[in-house]
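Given next are the chains, with one letter for each unit.
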Amino acid sequence: MLARLTSGFLPRHVAGQAGRGMTSRGQQRLAAALLAALVLLVFAECLSFSFVWDEEHFIMRNAYLTSWKYLPHLLLENVDAGAGVRSNPYRPLEMLTHFLDVRLWGYQAWAHHLTTVLIHAATTVVIFRWLCRFAPWSAALLAALAYGLHPLQSVAVPYIPGRVDDLAILWMCLGLLAFERSAAVSLLCAVLALLSKESMALFPVFLWLHQQAAGRPVSWKRLWPFGAVALVYVALRLTVLNFHNTLNFYGHDNIFTQHPSYRVWTYLTTLPEGLRLWLWPHDIHHERAWAVYASLAIPRVWLSLLGVVAWLGVAAWQWRRRRVVAVGMLWFLIATLPTSNLIVLINALFYDHWFLLPGLGLAMAVSQVPALHRLSARQTWCAALAVSVGLGAITWRSNRAWRDPVSLNTHLRRFEPHNPKILHNLAMALADQGKLEESIRLYQQAIAESDVYPHTHHNLARAYEQLGRLDDAAGEYRKALAIDRAFHHSALALGQLELSRGRDEAAEPMFRSALASFPYSTEAYLGLAHLKLKQGDRAGAITELERGLRVVDDARLREALKELQFIQ
């Protein structure tokens with residue numbers, strides 16, 4: 001099917017090159033196979049990496065991944081609802097891939113990484129076939145190779161949930177390739193791209209740009225089904241799929257949300273930096289601090305504005321001369337709009353991976369370099385080897401930061417020494433290694449930097465509890481709940497702590513509170529059953545366990561219930 005979707009025409013404005021530069025379709029297939037092999041080789045080491053960053057609540061603690069009966073919840077709720085987290089992103093196709101990974105492999109990190117690497121290899125090959133619509137195979141191969149092996153990919157491919165970017169791009173490119181042969185197949189791909197990532201609401205715009213670059217402009221009458229699908233998706237996200245304030249991830253007003261002009265000035269400053277990451281990727285790190293810019297008079301702002309105006313001017317100048325270059329330049333800018341904070345307020349100002357989708361526009365422009373069109377097959381293979389060795393070595397080294405939580409957060413801390421999230425994550429990693437005193441210092445430093453995260457107080461409490469400082473631990477759990485009453489992890493932990501100290505009257509409301517926020521907490525049902533047994537209420541304990549089994553299918557609940565029924 002892939003060959004059928006991606007075979008077809010070259011645009012009229014490169015048709016003359018096709019006769020000179022194009023080899024047989026077999027040569028293209030050989031190039032695609034080589035491309036996949038090189039991508040797999042560079043990212044193969046990812047299979048030795050462990051679970052890191054927030055993969056714990058995406059995968060390890062996500063109750064919706066544990067049984068087929070939760071599949072409707074997985075596909076109709078936010079990405080980490082199964083871990084009791086209220087968030088905005090809705091990416092059911094990505095979550096379905098995690099669900100299938102767990103069904104096939106359990107929680108073996110290497111297998112989850114393998115799926116992500118395979119998806120990236122497939123996406124890179126499809127990008128190559130897509131670029132062949134605009135350029136000879138030699139230029140398309142080198143442009144796709146530079147894209148797929150670029151160090152910027154090291155913020156996505158070694159990170160298991162980072163597959164979301166590749167999934168969206170994969171379905172988008174397949175949809176663009178399928179359009180001329182089957183609008184229905186193209187529309188299906190557009191829907192799958194939308195279900196992969198929210199930025200694909202711009203699919204109709206990308207399709208229009210694609211057709212312009214291919215030399216076959218499309219009327220808006222042919223585009224209206226794609227626009228209708230995008231509008232229906234947006235309407236759903238603002239209503240029944242609005243999980244936690246879709247248009248404002250902050251959930252409250254601040255200086256950034258209250259001043260639209262600040263958002264414009266800040267967005268402008270991100271564009272040169274995103275371009276710079278593609279041209280000179282010497283400091284790739286996925287958690288990047290960024291300032292809010294409050295005035296056009298700031299040099300960085302007005303220089304960025306001049307740069308954008310010049311960029312648009314060059315694109316307009318190239319529109320009739322080299323249409324693909326112009327489209328690529330426009331693509332780069334347009335693809336940044338979903339993360340611009342101009343419409344949807346994301347609680348971040350800059351992430352490196354936001355520029356992966358815009359990078360496709362740069363790949364289009366690179367594929368039009370005249371020298372690449374004149375390469376012979378032998379010269380192409382030599383150039384591909386040089387690109388693979390050069391970029392591959394840098395990317396391979398960047399990937400290694402993701403080996404384990406300590407190496408990742410140590411790497412990030414070098415760039416962002418005051419980021420509370422990084423300090424917190426490094427403290428967690430050190431605590432897992434038994435370095436509790438060092439982790440406590442980092443937790444306290446993270447709280448001093450920004451005391452808005454319940455997770456930091458919760459994990460500080462866990463460290464205190466391991467050291468036997470139970471009063472300090474209880475105090476930190478309560479601080480976490482003061483920040484977020486729905487943070488069920490601390491309610492559960494505090495209930496267990498109070499139960500262990502014989503404070504049954506304080507433990508029960510904590511277990512009830514945990515279940516009110518997250519009804520899939522096996523430990524809360526076990527805790528309530530234990531309390532009932534202490535009170536001599538065996539029937540009440542059985543009731544609590546049976547209530548838990550109606551919600552979550554867990555072996556511990558079944559075993560506890562079987563033991564009670566047997567004793568009875």
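One can find the structure itself at the top, above this paragraph.
Since the model is a prediction, treat every value here as computed from it, not as a measurement.

> Account for the environment of Pro281, naming residues and giving values.
Note on placement: Pro281 falls in the loop between helix H14 (260-279) and helix H15 (299-318). Note on Pro281: relative accessible area 18%, which makes it buried. In sequence terms Pro281 and His150 are 131 residues apart; their C-alpha atoms lie 8.6 Å from each other. Ignoring anything within four residues of it in the chain, the contact list for Pro281 reads His150, Pro151 and Arg276.

> Any chance you could break down the packing of aromatic side chains for me, citing the residues and the numbers?
Applying the stated rule across the entire model yields 22 aromatic pairs. For the pair Tyr90 and Phe243, a centre-to-centre distance of 5.7 Å together with 50° between the ring planes defines the contact as tilted. Placement of the pair is Tyr90 in the loop between helix H5 (71-76) and helix H6 (92-105) and Phe243 in the loop between helix H12 (220-238) and helix H13 (255-258), with a sequence separation of 153 residues. Phe243 gets classed as partly exposed once you look at its relative accessible area, which sits at 23%. Every member of this aromatic cluster is reached through a ring pair, and the members are Trp290, Trp311, Phe332, Phe350 and Phe355. Arg103 extends its terminal NZ or CZ atom over the ring of Phe99, reaching a point 5.0 Å from the ring centre.

> Help me get a handle on the side chain of His113, residues and values and all.
Mapped onto the elements, His113 comes out in helix H7 (residues 109-131). Judged by relative accessible area, which is 0%, His113 ranks as buried. Contact partners of His113, with chain neighbours within four places excluded, come to Cys46, Leu47, Phe49, Ser50, Pro158 and Ile160.

Reading guide: rules and limits
Residues numbered from 1 in each chain as written. Predicted model: local features only at pLDDT ≥ 70, side-chain atom pairs only at ≥ 80, totals over all residues. Heavy atoms only, no water. Helix = DSSP H or I, 4+ residues; strand = E, 2+ residues; numbered from the N terminus. Buried < 20%, exposed > 50% of the residue type's maximum accessible area, 1.4 Å probe, protein only. Contact = heavy atoms within 4.5 Å. Phe/Tyr/Trp six-rings, centres within 6.5 Å; stacked < 30°, edge-to-face > 60°. Lys NZ or Arg CZ within 6 Å of the ring centre and 35° of its normal.

Note that all results are geometric; they support no functional claim without further evidence.
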